[in-house]
Amino acid sequence: MPSFFSTHQLQTRIVSLYLGLFLIVVTVGSWVINWDINRSARVTIGAELTTGERVFLRLLGQNSINLTQAARILSADQSFRAAVTNGEQAAMQAMLANSSQASGATLAIITDEQFQLKASTSSSTNSTPKALRMLAAVQRHARQAGDGGAQQTQIEIMDGEPYQLVTVPVRTPQTVAWVALAMTLDRHVLQDMSHVSGVEVALLLRQTDGDWRVATATMDPATWPAVATSWERPLNAGDIHGTTIRIANTDYSARPVSLQGTAGQAPTTALLMRSVSQALVPYDGLKYTLLMLAAAGVVIFLLGGMVTARLITNPLRLLSASARRLERGDYGAEVRASIKGEIGELAQSFETMRKAIQTREGEIRRLAYQDALTDLPNREQFRHDLRQAIGKASSDGTPCSVVLLDMDRFKHVNDVLGHRFGDRLLRAVAERLRHDALNERDILARLSGDEFAILLHATNAKAAYPVAQRIMAAFERPITLDDHTVDLGAGIGVASSPEHGVDADTLLSRAEVAMYAAKQQQSGTVTYHPGLDSTSEESLTMLSELRSAVDHNQLRLYLQPKINLRSGQVLGAEALVRWQHPTRGLVPPMHFIPFAEQTGFVRVLTMWMIEQVAQMSHALTAQGLRMKLAVNLSTRDLMDQDLPNKLDKVLTRYAVDPSLLVLEITESAIMDDPQRALQTLNRLHTMGLKLSIDDFGTGYSSLAYLKRLPVDELKIDKSFVMNMESDLQDAKIVHSTIDLAHNLGLSVVAEGIESAMSWKLLDQLSCDEAQGFFIAKPMPSAQFAAWVQQWTPPDTTHEHLATEFAGMG
């Protein structure tokens, strides 16, 4: 008998797997727990440093308030004023001493209005060096008081030591003297603050050679040089939880607080520190407990794996023998289970499989040739029936025809009312076609999605056309489901054999070509003819390649900047799409956008553009560039009542301010269905999006209707802008359009600027914004931020307008 621990035994592999997975979980869990403990400690330290910073600044502020109040009380004392006025030095010195003792000040002086020392508390002699050096500080503070006052946390450095200093004038009512109180921020003061804030504090000064020096700190003075050195070379860059430094082999999280100095003095840095090792001490017990649990788990998993392996492998040997019988085709032997549980269920599944194979094989054959949703023949069955009909037509000389139809707006129904409603609609359409438009001999099939096919026996193309018309008539009647009335429509293509092909695939392909032509021309029914092949095959290829371009990231976002003509500032850009085709290179939009609009694929392109623009807007905002980015909408986009919801989801996902997205709509797109377009535009306007009329002046829209639209700007078509330097009539059109827009409260964008003269003329005509090759050609979106930083408005002072243009402003 083979050993239990043979590497080829399933039992050994199960035990090894159990133990290995447990060790992996323990290792990963330990790493995650340690990482989370360190992260939690860092977060806690960051919170403590934040609290310590607030407490430290509040204590400094309170010291400043106490000193200020004491100085003001002294300066307002009538006896003190009299002593100052009469020059009673002993009285002044006594009062200074009392005020210093009451406020906790370590040094106090009185100067005359010319800042000459009159009395101080430093010694019995008023002219001590410390008092004299304090005079310069008093003068700076007095000047600062005249400029608006000092901050409460302001630090004065005297003799290399930090002080909090307040200066108050003595007025009778003119200023006759100055009272100054100063408190030394020595180690004892910082230790008192540390007891309250809970963090270590060090005050650092930048020396003339650029190195740091600790003026005072709460820690042992022997460590002060190490504090300065470690701050100069921290272990990591600072983040929200602090900067890590190492002092005497102990890691600290440190946070600098800049304390402003008086005029001419560098700020003092208060370094708040918290020991990382002390923050981790509470977690040591948890780590030891986890280690013990892991060791116990290894033993338990080893024993449990051995027992489980035996319970699994013994019944599996029996099932393996049964499986070999089934493999040989022996379905007569019953598969019996001797135990319960999952392996017993597995044995029962073997038995169920043996009984159900024949049933499933029949079901598979049925599903292979029948559409599960409508119970109609599917594409494979239809191709089979069509091949038989073509064969019969070849032998008997009787033609047959294929009618192919694709429903209009079915995707919109699915998007708005849901796929379940769409499935019910497809079944209702199949039922209507079967009973209202076709004979019993006609074969109706569902090929895919919303595409149906009809096989007409003994029918040529001419005779098939009335059938197609009956189908169109059936589609003219709306279908009502669940109180929803759906207007139907379809494009129908007809192809006949042998006239248009003698094999099934060719006939189906040509019927599909005719169907797409019908949808593009909106002509209802089109019968195939050879002239359709070149454009239709190209269209089918183009549609497939466009879908592939979206799926495989072949589309590229380009931006063309928009400039404020008055200030020269970059305001935003128009978003454009380019197609990086794998074989044809960079395909310009005019080669695929019109096709996308005809087929409805433009909606997919529009959502791709909006997604990319939202990402770009988020990235630009993160760089401090709030730019308005414009996206063009087509007629099909405006007819999509779900467009506002789609836009809202994208803007929310990327946290984009709706006012930074401009939607450009052409006049023709609006006038195709004005009422429906107005509903969509009103919803977009309510969301906070900016709306612009693109190519203004090229359409035939009514100004009375346009003024009802919730638009924010007009965009003058480049055909007027590019010719206005040489054509006075174009210049007048541009001028009147600008005046019209401004009178309606709209801004104006001119596109097509190609010279400095155009820039100057548009500026004179009070045009608001401009874009064109003179400013910049469309560029890849990745280059836009760098271009904005380098942009310099052109100098147009050397440009001189002709007389007929000069008087237009």
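Residues numbered from 1 in each chain as written. Predicted model: local features only at pLDDT ≥ 70, side-chain atom pairs only at ≥ 80, totals over all residues. Heavy atoms only, no water.

### What about the packing of aromatic side chains?
Inclusion rule: Two rings belonging to Phe, Tyr or Trp (six-membered ring only in the last case) form a pair when the distance between their centres is within 6.5 Å. Interplanar angles under 30 degrees mark stacking, angles over 60 mark edge-to-face geometry, and anything in between is tilted. Only DSSP runs of H or I covering at least 4 residues are called helices, and only runs of E covering at least 2 are called strands; the numbering of each starts at the N terminus. In this scheme, the term charge over a ring applies when either NZ of a lysine or CZ of an arginine sits within 6 Å of the ring centre and within 35 degrees of the ring normal.
Counted by the stated rule, this structure contains five aromatic pairs. For the pair Trp759 and Phe774, a centre-to-centre distance of 6.4 Å together with 70° between the ring planes defines the contact as edge-to-face. Within this pair, whereas Trp759 is found in helix α25 (residues 756-764), its partner Phe774 is found in the loop between β26 (769-771) and β27 (779-780), the two being separated by 15 residues in sequence. By the ring-pair criterion, three or more aromatic residues cluster together here, those being Trp759, Phe774, Trp787 and Trp791. Between the NZ or CZ atom of Arg578 and the centre of the ring of Tyr558, over which it lies, the distance is 5.4 Å. Here Arg584 stacks its cationic end above the ring of Trp579, 5.8 Å away from the centre of that ring.

### Remarks on the pairing of strand β9 (residues 250-259)
To keep it simple, the criterion reads: We treat two strands as partners when DSSP finds at least two bridges between them.
In this sheet, β9 lies alongside strand β8 (residues 243-247) in antiparallel orientation, the contact comprising five bridges. Bridging across to β9, Arg246 finds its partner in Asp251. Counted between consecutive antiparallel strands, the loop separating β8 from β9 contains two residues, among which Ala248 sits at a positive phi close to 55°. When β9 meets strand β10 (residues 268-275), the two strands line up antiparallel, connected through eight bridges. When the bridges of β10 are listed, Ser258 appears paired with Thr269.

### Notes on the pattern of salt bridges
Between side chains of opposite charge, a pair can form when the charged atoms approach closely. Here is the rule: Here a salt bridge means any side-chain nitrogen of Lys or Arg lying within 4 Å of a carboxyl oxygen belonging to Asp or Glu.
Taken as a whole and judged by the stated rule, the model has 25 salt bridges. Residue Arg424 is joined to Asp482 by a salt bridge in which the shortest nitrogen-to-oxygen separation is 2.4 Å. Taken together, the residues span a long stretch of sequence, with Arg424 in helix α12 (residues 419-437) and Asp482 in the loop between β14 (479-481) and β15 (484-486) at a distance of 58 residues. One salt bridge in this structure joins Arg653 and Glu611, with 2.8 Å as the shortest N-O distance. Residue Arg653 is found in helix α19 (residues 643-653), and its partner Glu611 is found in helix α17 (residues 602-622); the two are separated by 42 residues along the sequence. Through salt bridges with shared partners, one network takes in Lys562, Glu574, Glu664, Glu713 and Lys715.

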